[in-house]
Amino acid sequence: MNMIQQWKQTDSDFIRKKVIEHNMEQLPDKLKTSNENVSFILKDDLGEIIGGITANVFWHHMHIESLWVDKSVRGKGYGRELLKKMEILAVDKGCRFIFLDTFSFQAPEFYKNNGYEVFGTIEDHPKGFNQYFLHKKLKM
């Protein structure tokens, strides 16, 4: 045996694949779904990316990984539109809920105002801030 510290994307992908294989062996067939990455991208008239939302869908739920809108267009409803589009996609894909995390210096109030509820908090992480875990149950 040889244990080494290193980062290689191919090694990381292999480990993730093996964890997914193990997890799938534990679930009944009716709960098994494909693992799919999804996103919506917001572009300006010149084709430049000025916002977007990324998520992962599996086991009848969605995990929102990132939501970003450029400072130049914040406050104009684009974040809400991106989130709504992702929620519609989640329902279309048979998701029961969406979950995500955000920091106190990011957008916890934005998510709460869009119907998400806090189900967990890591206080003082990073130091002086909080990390929030939120979810929203979807109507099927």
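Placed above this text is the structure.
Keep in mind that this is a model prediction, so the values were computed, not measured.

## Comments concerning the overall build of the chain
Within the chain one finds three helices and six strands. Seen in sequence order, the chain has helices and strands lined up from the N terminus as α-β-β-β-α-β-α-β-β. Residues classed as buried in the chain amount to 28% of the 140 residues present. Residue pairs in contact within the chain that sit at least 24 positions apart in sequence constitute 49% of those at least 6 positions apart. Between the averaged position of the 20 positive side-chain charges in the chain and that of its 19 negative side-chain charges there is a distance of 4 Å.

## Structural notes on the nonpolar core
What tends to happen in soluble globular proteins is that the nonpolar side chains get buried as a cluster. Counting residues in each nonpolar core, the largest one holds 23 residues, and the members touching the most others are Val38, Met62, Ile64, Met86, Ile98 and Tyr116. Put simply, the parts of the chain that give this core at least two residues each are strand S1 (36-43), strand S2 (49-58), strand S3 (61-69), helix H2 (78-92), strand S4 (97-103) and strand S6 (131-137). In this structure Met86 touches Val38, Ser39, Phe40, Ile53, Thr54, Ala55, Met62 and Ile64, once residues within four positions along its chain are discounted.

## Brief notes about the packing of aromatic side chains
Under the definition given, this model contains seven aromatic pairs. On the numbers, 5.1 Å between centres and 65° between planes, the contact of Phe58 with Trp59 is edge-to-face. Exposure remark for Phe58: the relative accessible area of 21% places this residue in the partly exposed category. On the numbers, 5.1 Å between centres and 75° between planes, the contact of Phe110 with Tyr111 is edge-to-face. Here Phe110 falls in the partly exposed class, since its relative accessible area comes to 23%. Residue classification places Tyr111 among the buried residues on the basis of a relative accessible area of 7%. Site record: aromatic cluster; members linked through ring pairs are Phe103, Phe105 and Phe129. Over the ring of Tyr132 we find Lys112; its NZ or CZ atom is 5.8 Å from the centre of that ring.

## Observations concerning the side chain of Asn114
Residue placement: Asn114 occurs in the loop between helix H3 (108-113) and strand S5 (117-122). At 2.8 Å, the side chain of Asn114 and the backbone oxygen of Phe110 are in polar contact. Not counting residues up to four positions away in its chain, the partners in contact with Asn114 are Arg80, Leu83, Glu87 and Lys136.

## A short note on the pattern of salt bridges
In the structure shown here, the tally under the stated rule is seven salt bridges. Of the charged contacts in the structure, one is a salt bridge between Glu36 and Lys93, with a shortest N-O distance of 2.9 Å. Taken as a pair, Glu36 in strand S1 and Lys93 in the loop between H2 and S4 lie far apart in primary sequence, 57 residues in all. The exposure class of Glu36 is partly exposed, given its relative accessible area of 29%. Close ionic contact of Glu109 with Lys112 constitutes a salt bridge, the shortest N to O distance being 3.3 Å. Pair noted here: Glu109 and Lys112 are both in helix H3, with a separation of three residues, about one helical turn. The class of Glu109 is partly exposed, set by a relative accessible area of 47%.

Rules of the game
Along each chain, residues carry numbers from 1 onward, in the same order as the chain's sequence is written. In view of the model being predicted, local features appear only for residues whose pLDDT reaches at least 70, and side-chain atom pairs are presented and counted only at 80 or more, with totals across whole chains, interfaces and linings using the full set of residues. Water and hydrogen atoms play no part in the side-chain values, which are based on all heavy atoms of the structure. Labels follow the DSSP assignment, with helices taken as runs of H or I lasting at least four residues and strands as runs of E lasting at least two, numbered in each case from the N terminus. Burial classes: relative accessible area under 20% of the type maximum marks a residue as buried, over 50% as exposed, and values in between as partly exposed (1.4 Å probe, protein chains only). Any two residues having at least one pair of non-hydrogen atoms within 4.5 Å are treated as being in contact. Charged residues are defined narrowly, with Lys and Arg counted positive, Asp and Glu counted negative, and His plus the chain ends left uncounted. Every charge is mapped onto a representative atom, which is NZ of Lys, CZ of Arg, CG of Asp or CD of Glu. By nonpolar core we mean a set of buried residues, namely Ala, Val, Leu, Ile, Met, Phe, Trp, Tyr and Cys, connected to one another through side-chain atoms within 4.5 Å. Side-chain rings of Phe, Tyr and Trp, where Trp is taken by its six-membered ring, are said to pair if the distance between their centres is within 6.5 Å; with planes under 30 degrees apart they count as stacked, over 60 as edge-to-face, and otherwise as tilted. We count a charge as sitting over a ring when the NZ of a lysine or the CZ of an arginine lies within 6 Å of the ring centre and within 35 degrees of the ring normal. Under the rule applied, a polar contact is a pair of N or O atoms within 3.5 Å (in protein, one hydrogen donor and one hydrogen acceptor; residues adjacent in sequence only if both atoms are side-chain atoms). Salt bridge, as applied in this entry: a Lys or Arg side-chain nitrogen positioned within 4 Å of an Asp or Glu carboxyl oxygen.

That's the geometry; what it means functionally is another story.
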